[in-house]
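Now for the letters of each chain:
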Amino acid sequence: MEKTIAAVSTPYGRGGIAVIRISGQGAIECASHFFKPKSGKSLTETESNKTVYGDIYKNGSIIDDGMCSVYRAPRSFTGEDTVEISCHGGILITQSVLECAFLCGAEAAGPGEFSKRAFMNGKLSLTQAEAVIDLIDAENADAVKIASAQSRGVLSKKIESVRQGLIELLSQIYVFIDYPDEDLSDVTEQQAWEKLCSVRDEISSLLATYNTGKALSRGIKTVIFGKPNTGKSSLLNILCHSERAIVTDIAGTTRDTVEQSCELGRVTLRLADTAGIRKSDDEVEKIGIKRAYSALEEAELVFAVFDTSRELEEQDFEIISELEKTKGKTVIYLLNKSDIRSPLFDVNSFSEYKNAVEISCKASSGIKALSDLVNSLYIDGKIDIVNDAVLSNARQYAALKKAYDSTEDALTALKNGLSPDVAGLDIESAIGSLGELDGRSVGEEIVNSIFHRFCIGK
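Everything numeric here is computed off the predicted structure, so don't read it as measured data.

Conventions used here
- Residues numbered from 1 in each chain as written.
- Predicted model: local features only at pLDDT ≥ 70, side-chain atom pairs only at ≥ 80, totals over all residues.
- Heavy atoms only, no water.
- Helix = DSSP H or I, 4+ residues; strand = E, 2+ residues; numbered from the N terminus.
- Rg over C-alpha atoms; globule rule 2.2 N^0.38 Å.
- Buried < 20%, exposed > 50% of the residue type's maximum accessible area, 1.4 Å probe, protein only.
- Pairing = 2+ DSSP bridges.
- Contact = heavy atoms within 4.5 Å.
- Axes fitted to C-alpha atoms, helices over the stretch in contact; angles between N-to-C directions.
- Parallel < 35°, antiparallel > 145°, perpendicular 65-115°, else oblique.
- Left-handed = near helix turned anticlockwise from the far one by under 90°.
- Nonpolar A, V, L, I, M, F, W, Y, C, P; charged D, E, K, R; others polar.
- Expected span 1.5 Å × (residues − 1).
- Salt bridge = Lys/Arg side-chain N within 4 Å of Asp/Glu carboxyl O.
- Core = buried A, V, L, I, M, F, W, Y, C linked by side-chain atoms within 4.5 Å.
- 1 Å grid on protein atoms, 1.4 Å probe; cavity = no way out; pocket = protein on both sides within 12 Å on 5 of 7 lines; lining within 4 Å.
- Points joined across faces, edges and corners; volume = space filled by probe spheres on them.
- Phe/Tyr/Trp six-rings, centres within 6.5 Å; stacked < 30°, edge-to-face > 60°.

Novice: I would appreciate a short explanation of the overall build of the protein chain in the present structure.
Specialist: Assigned secondary structure in the protein chain consists of 15 helices and 13 strands. In terms of overall size, the protein chain is more extended than a compact globule, its C-alpha atoms giving a radius of gyration of 29 Å where 458 residues would be expected to give roughly 23 Å. Oriented by its inertia axes, the alpha-carbon framework of the protein chain measures out at about 90 × 75 × 40 Å. Expressed as a percentage of the 458 residues in the protein chain, the buried residues total 50%.

What follows is the structure, given as structure tokens:
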């Protein structure tokens, strides 16, 4: 029998109310020992999805009064018998009510254990479970919309539709393989090809939403990179709307990586301001420069800042050359101090780069153009984030990419005239990958790592 678990589901602290959640086969019986409805009836007699008012007892004495909601399996969040007791929200009284549950047989819940039970009992898909934590962690309105859509099952339903299409096609292919002369299959080889192409295109369209979903909900790892005194720290401050980094005229002020999240238009940036790149004999500064290169290596987006108030130097061209070698990164060249640009500064050196923007951190100019550029790079305006299925994390993307690759392999097999059972194996692989995405065939280690992100009580 699954143990009965209990935890506080609201933040610890002073407040109007606190909620203690108890779930498991013995949850209602457990709560009935210390929560006594004012009606005089036992809590065990309460109908499902009903809330009653009563007193809370500890060691035979009333310690509080409150409300108790009863949910009987399977009509609960976890799919098990569940009670939720609302008491007054003081730290001491909340802990006392939780202790009552422990004294009456419940055990302490682990991080995300309620949600994990909901998943195990078929009340949530894995994508919906991930949406729950995304909803809690959301930092902007768009992230809330994406998480809300996923928690309603928009992504799960889309994945299931694609999966069912592949299962239907696979069954028809195997009928054709097993009974080639019986004409029992409803699909010809040409129809199988067309259906598989359609599924592949559906998966491809869904994969294309990841760029937007990640930018809105997870954020883009962004590094501010360049020589000392080009205005890197000023850029960080202006983007974050705060004095996050120290700004002086002294070269080498920033010696460590300064990290901060901010919103630029609709895109969330995980910003890292770095030490200025130059030759230095200072051991501390050299460590900072090494960390700057490490941040560059990890970044997806690079804000390369150049000082237009002076002529380009050898170090500038070395930085440009270094950035041209980077793979898989988007580089935006920011030509700062445009309000005092020197006639000696060669703007033509950047003419070949479409992602070059003139800005002035001091005059706060050019930031709107930068925002528009970043949004155009990461936000697909055709996506309806309220109603469309949108990928928002790397696990989902990786599982769907595996499914896409398998459908491509199946199409290649058919194109090359290989026997249908070869394509069938690839289709089976695609179905398995889709199962990983919604949790049907995902490993226990991945499940545990996802739910470990949850707070205790959720």
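Back to the text.
Novice: How should I be thinking about the sheet that holds strand β6 (residues 82-89) in this particular structure?
Specialist: Strands in a sheet are paired, the pairing made by backbone hydrogen bonds, and the direction either parallel or antiparallel. Ordered in space as β3-β4-β5-β6-β2-β1-β7, the seven strands form an open sheet in which the pairing is mixed. Two strands in the sheet have a free side with no partner beyond their single neighbour: β3 (35-37) and β7 (107-108). The strands touched by helix α2 (residues 91-103) are β1 (5-8), β2 (15-23), β4 (50-58), β5 (61-71), β6 and β7; relative to β6, the strand with the most contacts, the crossing angle is about 150°. Relative to the sheet, helix α3 (residues 113-120) contacts β1, β2 and β7, its axis offset from that of β1 by approximately 135°.

Novice: Mind showing me how you'd approach the packing of α3 against helix α15 (residues 444-451) here?
Specialist: Helix-helix packing is characterised by the crossing angle of the two axes and by the distance between the axes. Two elements in contact, α3 and α15, have axes separated by 9 Å at closest approach and are oriented at 140°. When the interaxial angle is binned, α3 and α15 end up oblique. α15 is crossed by α3, and the crossing has right-handed handedness. Residues Ser115, Lys116 and Phe119 of α3 form the contact with α15, whose participating residues are Val447, Asn448 and Phe451. The residue inventory of the contact of α3 with α15, partitioned by class, reads three nonpolar, two polar and one charged.

Novice: Would you explain helix α7 (residues 189-207) in this entry?
Specialist: Residues spaced three or four apart along an α-helix face the same direction, because each turn holds 3.6 residues. The end-to-end C-alpha distance of α7 is 27 Å, a good match for the 27 Å that 19 residues give at a rise of 1.5 Å each. Taken together, the buried positions of α7 are occupied by Ala192, Leu196, Cys197, Val199, Ile203, Leu206 and Leu207.

Novice: Got a minute to help me understand the pattern of salt bridges in this structure?
Specialist: When charged atoms on two side chains of opposite charge get close, those side chains can pair. For the structure on display, the rule yields 23 salt bridges. Here Arg163 and Glu160 are joined by a salt bridge, their closest N and O atoms 3.7 Å apart. Here Glu160 and Arg163 lie together in helix α6 (residues 154-178), a separation of three residues that amounts to about one turn. Linking Lys227 and Glu313 is a salt bridge whose minimum nitrogen-to-oxygen distance equals 2.8 Å. A residue pair is termed long-range when its members are at least 10 positions apart, and Lys227 in the loop between β8 (220-226) and α9 (232-240) and Glu313 in the loop between β11 (301-307) and α11 (314-324) qualify at 86 residues. It is possible to trace a salt-bridge network through shared partners that takes in Glu80, Glu113 and Arg117.

Novice: Help me out: how do you make sense of the nonpolar core in this one?
Specialist: Most often, soluble globular proteins have nonpolar side chains that are buried together. Residues Leu235, Leu269, Phe303 and Val374 are the most contacted members of the largest nonpolar core, which totals 33 residues. Contributing elements (two or more residues each) for this core: α8 (210-218), β8, α9, β9 (258-264), β10 (267-273), β11, β12 (330-336) and α12 (367-378). Grouped together as the second largest cluster of nonpolar side chains are 31 residues, Leu155, Ala192, Ala430 and Leu434 included.

Novice: Could you clarify how one ought to interpret the side chain of Asn355 in this entry?
Specialist: You can see Asn355 is positioned in the loop between β12 and β13 (356-358). Setting aside chain neighbours within four positions, we find Asn355 in contact with Thr330, Val331, Ile332, Tyr333, Leu373 and Leu377.

Novice: How should the layout of surface pockets be read in this particular structure?
Specialist: Rolled over the atoms, a probe sized like a water molecule indicates the empty space that remains. Empty space within the second largest pocket amounts to approximately 220 Å³. In terms of lining residues, the second largest pocket is bounded by 13 residues, among which Glu2, Lys116, Arg117, Met120 and Val447 are the most central. Of all the elements in the fold, those that place two or more residues in the lining of the second largest pocket are α3 and α15. Per-element tally for the lining of the second largest pocket: the top contributor is α3, with five residues. Its residues assigned to classes, the lining of the second largest pocket shows four nonpolar, two polar and seven charged.

Novice: Before we go on, may I ask you to explain the packing of aromatic side chains in this structure?
Specialist: Any pair of aromatic rings gets described here by the distance separating the centres and the angle formed by the planes. Under the counting rule described, the total for this entry stands at six aromatic pairs. Taken together, a centroid distance of 5.5 Å and an interplanar angle of 75° make the contact between Phe225 and Tyr293 edge-to-face. Residue Phe225 is found in strand β8, and its partner Tyr293 is found in helix α10 (residues 283-298); the two are separated by 68 residues along the sequence. For Tyr293, a relative accessible area of 32% translates into the label partly exposed. Three or more aromatic residues link up through ring pairs in this structure, and these residues are Phe306, Tyr333, Phe345 and Phe350.

Novice: It is not clear to me how the pairing of β6 should be interpreted in this structure. Could you clarify?
Specialist: Along any regular strand the residues' side chains alternate between the sheet's two faces. Of all eight residues that make up β6, six are buried, and the element is covered over most of its length. Here β2 pairs with β6 via eight bridges, running antiparallel. Counted as the bridge partner of Arg21 is Glu84 from β6. The pairing of β5 with β6 spans five bridges and is antiparallel. Residue pairing across strands places Tyr71 opposite Thr82, the latter belonging to β6.

Novice: Hey, could you run me through the environment of Ser115 in this one?
Specialist: You can see Ser115 is positioned in helix α3. The exposure class of Ser115 is buried, given its relative accessible area of 0%. Residues Ser115 and Ile133 lie 18 residues apart in sequence; the distance between their C-alpha atoms is 9.7 Å.

Novice: When you look at empty space enclosed by the protein in this model, what are you seeing that I'm missing?
Specialist: According to the stated counting rule, one finds two cavities of 30 Å³ or more in the structure shown. Size it by volume and the second largest cavity reaches roughly 30 Å³. In terms of lining residues, the second largest cavity is bounded by Ile146, Ala149, Gln150, Val154, Leu155, Ile385, Asp388, Ala389 and Val390. Mapped onto the lining of the second largest cavity, the elements with two or more residues apiece are α5 (141-151) and α6. No other element matches α5, which puts three residues into the lining of the second largest cavity. Here the lining of the second largest cavity is built from residues that sort into seven nonpolar, one polar and one charged.

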